Every structure is written in C-alpha cells, then in structure tokens.
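What the coordinates show
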Amino acid sequence: MPLVNGVRWILVIPVAYLGYYAALISGMAFLALAESFCPSDAIVSGMCIADYMKPVERTLFVVFPGVAAALAVLLPALVAPSRKVEVAFAFLAAGSVIAIALGTSLQEWATLGFTLLCGIATAGAVYMRQ
C-alpha cells in the first residue's frame, strides 16, 4: 500500500495540469463548434463576425477558466491518498495567485471573479465532503 500511496502523491500535481488542459481544450472545441455555424458572408479574414459570436466568446472565456479552476482543485484532492482538504486548499491558493495575476493584468474582472468563485466552491465542496 505505501507504493500505491507514493504514486498517488506523485500524481497530485500532474492531474491538476491535466484538469487545466482538459478545460482549455474543451473551451477551444466549443469555440470551434460555435464558429462552425458562422454563415459564410459573416467570415472576414478567417474570423466570424456574426452577431452571436461576441456573446458566445465572452461566455466561453468566462466559463471555461472557471471549469479549469474547479478541475485543478478537485482532481488533486481526489487523487491524494490523504489530507484531501489540505491539498484542495493548497491548489486553491496557488491557483488563486495565478488567476489574480492574470485577471488583473488582463483586466478580465468577470473571468477572474468566476474563476475564483469556482475554485472556492470546489474547495468548499471537498471540505464539506470530508
């Protein structure tokens, strides 16, 4: 059992990256799907300028960073063999620093707020489930 626990501890950080990249790829796939419905007369220089694209892009750019935050907090806590709450809050803290740095530098306040909310809610759910 100690070997299995050691492997699980080693996997804690990679699964956080896995969750982040899964959300990133999913968001890009949803964006490509939305762009595939763009009428040909609304494509200018390879970009869709249809009326519906701005709200779709805005929604995706707010939602999927939140999904990434939730997965980056949840997956390490699920993989950790013990101290799941501490792991969740450690990844919440690290992710919050990154989110705040990116959100403030890009002035993406809605994305920052939703990302922090998703991370906090996920860490709270891990705490409540202990």
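The rules behind each value
Residues numbered from 1 in each chain as written. Predicted model: local features only at pLDDT ≥ 70, side-chain atom pairs only at ≥ 80, totals over all residues. Heavy atoms only, no water. Helix = DSSP H or I, 4+ residues; strand = E, 2+ residues; numbered from the N terminus. Rg over C-alpha atoms; globule rule 2.2 N^0.38 Å. Buried < 20%, exposed > 50% of the residue type's maximum accessible area, 1.4 Å probe, protein only. Contact = heavy atoms within 4.5 Å. Areas by Shrake-Rupley, 256 points an atom, 1.4 Å probe, with all protein chains shown as cover. Lys, Arg positive; Asp, Glu negative; His and termini not counted. Charge placed at Lys NZ, Arg CZ, Asp CG, Glu CD. 1 Å grid on protein atoms, 1.4 Å probe; cavity = no way out; pocket = protein on both sides within 12 Å on 5 of 7 lines; lining within 4 Å. Points joined across faces, edges and corners; volume = space filled by probe spheres on them. Nonpolar A, V, L, I, M, F, W, Y, C, P; charged D, E, K, R; others polar. Phe/Tyr/Trp six-rings, centres within 6.5 Å; stacked < 30°, edge-to-face > 60°. Disulfide = S-S within 2.5 Å.

1. Some remarks on the overall build of the protein chain
Of the regular secondary structure elements, the protein chain holds four helices and two strands. Taken over the C-alpha trace, the protein chain has a radius of gyration of 18 Å; the compact-globule value for 130 residues is 14 Å, which it surpasses by more than 25%. Taken along the three principal axes of its C-alpha coordinates, the protein chain extends 60 × 30 × 25 Å. Here the protein chain holds 130 residues, and 32% of them are scored as buried. Considering only contacts within the protein chain whose residues lie at least 6 apart along the sequence, 68% involve residues at least 24 apart. As displayed, the protein chain offers around 8300 Å² of accessible surface, 74% of which is attributable to carbon and sulfur atoms. Distance from the positive charge centre (6 side chains) to the negative charge centre (6 side chains) of the protein chain: 23 Å.

2. Quick word on the layout of surface pockets
Its boundaries defined by the atoms lining it, the largest pocket holds a volume of some 1000 Å³. Secondary-structure elements contributing two or more residues to the lining of the largest pocket are α1 (2-36), α2 (53-79), α3 (84-106) and α4 (109-129). Class assignment of the residues belonging to the lining of the largest pocket gives a composition of 26 nonpolar, seven polar and two charged. Its boundaries defined by the atoms lining it, the second largest pocket holds a volume of some 190 Å³. In terms of lining, the second largest pocket is formed by Leu-74, Ala-77, Leu-78, Lys-84, Val-85, Thr-122, Ala-125, Val-126, Arg-129 and Gln-130. The set of elements that each furnish at least two residues to the lining of the second largest pocket consists of α2, α3 and α4. Grouping the constituent residues of the lining of the second largest pocket by class yields six nonpolar, two polar and two charged.

3. Quick look at the packing of aromatic side chains
Following the criterion strictly, the structure yields two aromatic pairs and no others. Seen in terms of ring centroids, Tyr-20 and Tyr-21 are 5.1 Å apart; in terms of plane orientation they differ by 80°. Their pairing is edge-to-face. The class for Tyr-20 is partly exposed, based on a relative accessible area of 40%. Their ring planes at 35° and their centres at 5.4 Å tell us that Phe-30 and Phe-64 sit as a pair that is tilted. With a gap of 34 residues between them, Phe-30 in helix α1 and Phe-64 in helix α2 connect regions that are remote in the sequence. A residue is classified by how much of its surface remains accessible, and Phe-64, at 14% relative accessible area, is buried.

4. Considering the state of the cysteines
Tallied over the full model, the rule gives one disulfide. The disulfide partner of Cys-38 is Cys-48, and the gap between their sulfur atoms is 2.1 Å. Because the sign of the S-S torsion sets the handedness, a value of about 90° for the bond joining Cys-38 and Cys-48 places this disulfide among the right-handed ones. Of the two residues, Cys-38 sits in the loop between α1 and β1 (43-44) while Cys-48 sits in strand β2 (residues 47-48), which places them ten residues apart along the sequence. Assessed through its relative accessible area of 11%, Cys-48 is described here as buried.

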